[in-house]
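# Tertiary structure, described
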Amino acid sequence: MYGTLADVIIQRGCPELERLVAVRSKGWKEEKLDQTFARQRHVSDNAEDKRNRDWYKRLNAVMEEIDGYSLCVPVMGSPKFLDLGCCPGGFASYILQRNRLATGVGVSLPVERGGHKFGLQERLRSRFQIHFADITSFQQLSPFFIDHPRLSPAPPQMRPASFDLVLLDGHQLRTDTSDYAAPWDMDRLLISQLILALQSVRTGGSIVFTLAHPERILTAKILYLLHVLSGDVIAIKPRTMHMTRGIFYAVALGVGKGAKGRQMPEMIRGLQDIWAATTFGGEEGKGRFIEGSELDFIIATEELETSHLDWLISVGQPIWDVQAQWLDKWFRSKGVV
Ligand SMILES: C[S@@+](CC[C@H](N)C(=O)[O-])C[C@H]1O[C@@H](n2cnc3c(N)ncnc32)[C@H](O)[C@@H]1O
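Small disclaimer: the values here were computed from a predicted structure and weren't measured. (Residues numbered from 1 in each chain as written. Predicted model: local features only at pLDDT ≥ 70, side-chain atom pairs only at ≥ 80, totals over all residues. Heavy atoms only, no water.)

## Thoughts on the packing of helix H2 (residues 15–27) against helix H10 (residues 309–333)
Note the cut-off: Geometry is summarised by axes, namely lines fitted to C-alpha atoms with helices restricted to the contacting stretch, and by angles between N-to-C directions that run from 0 to 180 degrees. Elements are defined by DSSP. Helices are runs of H or I of four residues or more, strands are runs of E of two residues or more, and each kind is numbered from the N terminus. Note on angle classes: values under 35 degrees are labelled roughly parallel, values over 145 roughly antiparallel, values of 65 to 115 roughly perpendicular, and the remainder oblique. Handedness of each helix crossing follows the sense of rotation of the near helix against the far helix: counterclockwise by less than a right angle gives left-handed, clockwise gives right-handed. In this description, contact between two residues means that some pair of their heavy atoms is separated by no more than 4.5 Å. Three classes are used, and their members are as follows: Ala, Val, Leu, Ile, Met, Phe, Trp, Tyr, Cys and Pro are nonpolar, Asp, Glu, Lys and Arg are charged, and the others, Gly among them, are polar.
Relative orientation of the contacting elements H2 and H10 amounts to 30°, with a least axis distance of 8 Å. Judged on the interaxial angle alone, H10 and H2 are roughly parallel. The crossing of H2 and H10 is left-handed. Of H10, the residues touching H2 (which contributes Glu16, Leu17, Arg19, Leu20, Val23, Arg24 and Gly27) are Gln317, Trp320, Asp321, Gln323, Ala324, Gln325, Leu327, Asp328 and Phe331. For the contact of H2 with H10, the per-class residue count stands at seven nonpolar, four polar and five charged.

This is the structure in structure tokens:
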């Protein structure tokens, strides 16, 4: 096999991804779009109160869509959920209203470090405990104890195997003011959230994970991991947000009950080694990006391409299809294609 994973998928035959690649390459050549994206970045980095409120409502609607497709929010009993990267609180507000007995624990970056404000409605706050902390710097992410000022224990409420539902929506902020902030925090966030979710979810519980681009090696291997650990994995591209972008939500149901559910401890250990490399590895010991091959303990790239490509295509198809349609529409509205 040659080229990127996207090339291999297209060679295999996937008109949805082929169309997306074609639309993208036409559209991105336009310089005038740079201004539009600079404006969008400014908005997301500087979410002021009015915008924060609108954004909160849209996040609530996204969670409603995710639940509509996957039924991941238990309607019976008194479920406990963990919400990583939880501010402003739109996802939590949906869950707390959907089930009046649900309680949640949330963690989000402190505002003074550039994180977003907490905006959960007052009447729901008694059922949600928020902690302001950096979810990439908890001791339990490490495979062994590391004495370093950057690390601290996770909140005690994050007990192992105790949550019915774990939401992972931490998103790298360009406004992070930490001395340790680095470009590869994007990868550190991804791996940290996955480790914390697998440690915290109860057997049979669910994980909702915000991911991007199923045709990227890192994303494809994480999807495969969720697939083998869980009873079912559903990929959802909401119609209320991020339509033109590669972002989608993977929902793993029945975590720990999949074909390789019993291998969860080994998988967590493999991810912890990667976290250590992304945090303290690299030439200067300040961390580095993840290489796709480091996730070979989940599945080797060649095996993914030869034996599981049809599975990956079936997961990715609806996502590429929706993104291509919206991107095409959006480019046309800007007079680009
Ligand atoms: C897309 S928003 C999450 C929205 C949330 N799901 C909701 O429904 O309101 C991403 C969040 O991740 C948080 N975040 C980014 N980096 C973080 C980190 N290292 N630790 C904790 N939170 C982080 C941001 O402050 C932001 O609130």
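Read on, since the account is not over.
## Describing H10
The cut-off we apply is this: Here, expected helix span is obtained from the residue count minus one, scaled by 1.5 Å. The angle between axes fitted to the seven-residue stretch ending at a residue and the seven-residue stretch beginning at it gives the bend at that residue.
If you check H10, its first and last C-alpha atoms are 34 Å apart, about what 25 residues at 1.5 Å a residue would give, namely 36 Å. The sharpest bend along H10 measures roughly 40° and falls at Gly316, with the proline Pro318 sitting one to four residues further on. Gly335 lies just past H10 and shows a positive phi near 70°.

## Description of the UniProt feature "domain: Ribosomal RNA methyltransferase FtsJ" (unreviewed entry) in the protein
This is how the line gets drawn: UniProt positions are given in the numbering used here, feature names are shortened, and annotations may be inferred rather than shown by experiment.
UniProt records the feature "domain: Ribosomal RNA methyltransferase FtsJ" (unreviewed entry) at residues 80–250, using the numbering of this structure. The span residues 80–250 is 22% helix and 26% strand, and its two end C-alpha atoms sit 19 Å from each other.

## A word on the site of the ligand
The criterion, for reference: Consider each residue's heavy atoms; a residue with any of them within 4 Å of a molecule or strand counts as near. For the purposes of these results, a polar contact is taken to be a pair of N or O atoms within 3.5 Å, where, inside protein, one atom must be able to donate a hydrogen and its partner to accept one; residues adjacent in sequence count only when each atom of the pair is a side-chain atom. For the area figures, the Shrake-Rupley method with a 1.4 Å probe applies, and any residue is considered shielded solely by the protein chains shown.
In the neighbourhood of the ligand, 21 residues make up the surrounding shell, with Cys87, Gly89, Phe91, Asp134 and Asp169 lying closest. Contact distances for the ligand include 3.4 Å between an oxygen atom and a backbone N or O atom of Cys86. In the environment of the ligand, an oxygen atom lies 2.7 Å from a nitrogen or oxygen atom belonging to the backbone of Phe91. For the ligand, the protein covers 95% of the area, taking 600 Å² as the surface of the free molecule.

## Description of the pairing of strand S7 (residues 247–255)
The condition that has to hold: Accessibility here uses a 1.4 Å probe with only protein chains present; expressed as a share of the type maximum, an area under 20% marks a residue as buried, one over 50% as exposed, and anything in between as partly exposed. One bridge is not enough; two strands pair if DSSP finds at least two bridges between them.
The buried fraction of S7 amounts to nine of the nine residues, a majority that puts the element mostly inside the structure. Summarising the sheet, strand S5 (residues 201–212) and S7 pair through six bridges and their orientation is antiparallel. Its bridge partner lying in S7, Thr210 is registered against Tyr249. When strand S6 (residues 230–236) meets S7, the two strands line up antiparallel, connected through six bridges. Across the sheet, the residue bridging to Val233 is Ala252, located in S7.

## Some thoughts on the side chain of Asp164
Structurally, the position occupied by Asp164 is in strand S4 (residues 163–168). A polar contact of 2.8 Å, which involves the side chain of Asp164, links it to the backbone nitrogen of Lys80. A distance of 2.6 Å separates polar atoms of two side chains, one belonging to Asp164 and the other to Arg202. Aside from chain neighbours lying at most four places away, what touches Asp164 is Pro79, Lys80, Arg202, Gly205 and Ser206.

## Comments concerning unusual backbone geometry
Where the residue is not glycine, phi is negative for most of them; where a peptide bond is considered, it is trans in most cases. Each neighbour pair has its own omega, and for Cys87 with Pro88 the value is 10°, a cis peptide bond. With respect to the helices and strands, the residue Pro88 is situated in the loop between strand S1 (80–84) and helix H5 (90–98). Phi angles above zero are rare outside glycine, and Leu71 is one such case at about 50°. Locating Leu71 in the fold gives a position in the loop between helix H4 (49–70) and S1.

## A word on the side chain of Glu65
Which entries qualify depends on this criterion: All tallies of charge rest on Lys and Arg as positive and Asp and Glu as negative; His and the ends of each chain are not included. Any carboxyl oxygen of Asp or Glu that lies within 4 Å of a side-chain nitrogen of Lys or Arg is treated as forming a salt bridge with it.
Looking at where Glu65 falls in the secondary structure, it is placed in helix H4. Arg239 provides the closest opposite charge to the buried, unpaired Glu65, separated from it by 5.4 Å. Here Glu65 is in contact with Pro238, Arg239 and Thr240, once residues within four sequence places are set aside.

## Structural notes on the packing of aromatic side chains
Quick note on the threshold: To pair, rings of Phe, Tyr and Trp, with the six-membered ring standing in for Trp, must have centres within 6.5 Å; the planes then decide the type, stacked if under 30 degrees apart, edge-to-face if over 60, and tilted in the middle. Here, over-ring charges are defined by two tests on the NZ atom of lysine or the CZ atom of arginine: distance to the ring centre within 6 Å, and angle to the ring normal within 35 degrees.
Using the criterion set out here, one finds seven aromatic pairs in the structure. Summarising the aromatic geometry, the rings of Trp275 and Phe280 are spaced 6.1 Å apart at their centres and angled 85° between planes, so their arrangement reads as edge-to-face. Taking the relative accessible area as the measure of exposure, Phe280 reaches 23% and is therefore partly exposed. Each residue in the set Phe81, Phe118 and Phe128 is aromatic and connected to the rest through ring pairs, giving one cluster. In this structure, Arg53 is placed above the aromatic ring of Tyr56, and the distance from its NZ or CZ to the ring centre is 5.1 Å. Against the face of Trp326 rests Lys329, its NZ or CZ located 4.2 Å from the ring centre.

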